[in-house]
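# Geometric and topological summary
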Amino acid sequence: MEIKHCSVSLLSVFLVLCLFTNSTTASVETTCNNTPFPKFCKPIIPESDNIHDHGRFSLQRSISLTSNFLSLVDRYLQSRDTLPHNTVLALENCQLLAKLNLDFFSKTLETIRLSDSIQDLKAFDMQTLLSAALTNQQTCFAELDALTSTSIPKDELLAPLSNGSKLYSVSLAIFKHGWVNNTRRGWKKPDVVVPQDDGKLRLYPGGNAVNVTQKVVVDPSGNGNFTTINDAVAAAPDNTDGSNGYFLINIVAGVYEEYVNIPVNKKYLMMIGAGINQTIITGNRSVSDGLSTFNTGTFIVVGEGFVGVNMTIRNTAGAKNFQAVALRSGADLSAFYRCSFEGYQDTLYAHSLRQFYRECDIYGTIDFILGNAAVVVQNCNIYPRLPIQGQFDPITAQGRTDINQNTGTSIQNCTITPAEDLATTKTYLGRPWKEYSRVVVMESFLDSLIDPAGWSIWDGDFALNTLYYGEYNNRGAGSDTSNRVTWPGYHVINATDAGNFTVSNFLGGDIWLPKTGVPYNGGLL
């Protein structure tokens with residue numbers, strides 16, 4: 001930054017002003033023109049020539065709008081006994097998502113309240129929260145918009161949701177322009193600790209030791225601390241920060257017919273089963289039951305820092321029942337290692353925030369890896385299955401709705417081969433669920449089941465100019481890119497671009513993954 005025009009005396013008095021002149025000076029018009037909704041932005045941002053003031057104000061407005069919307073939802077839920085079940089579920093989902101958003105906005109505002117400059121790592125964290133808030137808002141809108149009942153005036157709820165989405169998008173854009181360094185991450189990789197034979201928990205030989213604060217055992221026979229998984233989750237302490245380690249739940253081999261829910265207040269839980277196809281958690285909820293996709297999950301986790309190891313999570317509703325989620329995760333800084341996710345349509349719903357999957361098996365038909373998290377799927381086996389007659393298999397349906405969200409699906413060093421029942425079904429790497437859908441497939445084995453076009457449309461030319469689909473250094477009969485789609489948003493990328501979607505860069509994984517004990521490759525192979 002230039003400071004040579006400041007005299008020595010001025011520098012001593014106005015150093016901060018001189019240092020930040022280039023980055024902070026911005027008219028309301030300039031600030032708003034850098035957002036996706038300039039016309040919406042300009043009337044609500046007060047006059048100031050400081051982009052950081054604009055950002056703080058937009059966050060305050062976001063908090064106010066979210067609080068008002070939450071009060072409206074709470075009011076309708078007071079009459080839940082008179083409402084249809086699916087309406088109550090939609091309102092409860094919106095209540096959960098609005099509360100999460102209040103927390104995300106409050107954390108971000110507190111971080112930037114008194115500072116025009118924050119560390120790159122903290123800026124990355126806050127951009128993640130604001131990206132998730134927008135995803136939560138879109139999910140709530142979809143939940144309410146899908147209701148056919150007239151038991152509540154939908155327009156009274158949808159109007160503030162629509163305005164909220166625009167405001168959240170404005171807040172995210174201003175934050176990104178005002179605080180996020182796009183040229184470097186700037187965080188220090190932790191020192192590698194050489195494992196010692198100290199008797200501590202390690203998820204694989206030679207791996208990092210995992211700190212455990214308390215250990216419980218789930219055993220349906222009664223020989224453990226609990227007979228159900230949900231009882232063990234309920235016993236975990238609330239709102240721990242993970243600094244001392246994990247609350248460990250060991251689950252003995254067996255079939256668990258229960259719907260597991262790890263709420264937002266149950267943080268830093270580690271759940272270890274006896275192995276894939278040994279510890280099996282199974283359910284069969286689907287949209288055919290009158291539920292939204294969001295509510296069909298056999299296993300739902302929102303609590304930050306969750307780690308799942310050595311288990312199978314199934315949804316057995318079958319292809320004929322359409323959307324039926326096995327795992328829905330909105331847990332930040334979460335990881336799954338050596339797990340199997342088995343379903344058909346919408347198997348693995350990586351809803352939001354930062355997630356990592358390593359050495360897992362993922363089975364499904366349509367859109368079976370979906371959502372709008374920042375997620376890396378590494379060293380996994382991906383198995384497209386046989387859908388119902390007349391359908392095809394797009395593997396991913398990534399839901400990025402805003403160009404400033406730091407979200408997307410990165411598939412690295414995975415193996416994509418057909419499940420035993422697949423036969424000759426057309427299979428694609430993905431299709432654009434939302435306007436800025438972003439998927440990168442790199443350093444992976446793509447079998448001949450992948451259609452030469454590689455990617456499929458969603459609806460006509462929707463999102464073909466705005467999506468970002470990339471392939472890098474894949475192998476196998478399905479990896480030939482010579483006949484791929486020619487959309488503006490599709491790219492055969494180089495190593496530099498691919499490096500943006502690695503664990504270290506895309507997830508900041510070097511900061512948080514070592515303490516999970518889960519192995520990972522931080523960069524390209």
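Conventions we followed
- Residues numbered from 1 in each chain as written.
- Predicted model: local features only at pLDDT ≥ 70, side-chain atom pairs only at ≥ 80, totals over all residues.
- Heavy atoms only, no water.
- Disulfide = S-S within 2.5 Å.
- Buried < 20%, exposed > 50% of the residue type's maximum accessible area, 1.4 Å probe, protein only.
- Helix = DSSP H or I, 4+ residues; strand = E, 2+ residues; numbered from the N terminus.
- Expected span 1.5 Å × (residues − 1).
- Phe/Tyr/Trp six-rings, centres within 6.5 Å; stacked < 30°, edge-to-face > 60°.
- Lys NZ or Arg CZ within 6 Å of the ring centre and 35° of its normal.

### Considering the state of the cysteines
Applying the stated criterion across every chain, the model contains two disulfides. Each sulfur of the disulfide joining Cys32 and Cys41 lies 2.0 Å from the other. Looking along the S-S bond of the Cys32-Cys41 disulfide, the torsion reads about -65°, which is the left-handed sense. By relative accessible area, Cys32 is classed as buried at 0%. For Cys41, a relative accessible area of 0% gives the class buried. Linked covalently through their sulfurs, Cys94 and Cys140 form a disulfide whose S-S length is 2.1 Å. Its S-S torsion of approximately 110° makes the covalent link between Cys94 and Cys140 right-handed. Taken together, the residues Cys94 in helix 5 (residues 85-112) and Cys140 in helix 6 (residues 120-145) connect sequence positions 46 residues apart. For the pair shown, Cys94 and Cys140 are each scored as buried.

### Description of helix 6
The periodicity of an α-helix, 3.6 residues per turn, causes residues three or four positions apart to be oriented the same way. The terminal C-alpha atoms of helix 6 lie 37 Å apart, and with 26 residues this matches the ideal 38 Å at 1.5 Å per residue to within 8%. With 20 of its 26 residues buried, helix 6 lies for the most part within the structure.

### Examining the packing of aromatic side chains
In this structure the tally under the stated criterion is 16 aromatic pairs. For the pair Tyr363 and Tyr383, a centre-to-centre distance of 4.7 Å together with 25° between the ring planes defines the contact as stacked. Taken together, the residues span a long stretch of sequence, with Tyr363 in strand 13 (residues 361-364) and Tyr383 in strand 16 (residues 381-384) at a distance of 20 residues. Given a relative accessible area of 18%, Tyr383 falls into the buried group. A centroid spacing of 6.5 Å and a plane angle of 50° characterise the contact between Tyr469 and Trp487, whose relative ring orientation is tilted. You can see Tyr469 sitting in strand 23 (residues 468-472) and its partner Trp487 sitting in the loop between strand 23 and strand 24 (490-492), a full 18 residues away along the chain. Across the pair, Trp487 and Tyr469 agree in class, each one buried. When the ring centre of Tyr259 is taken as reference, the NZ or CZ atom of Arg285 above it lies at 3.6 Å.

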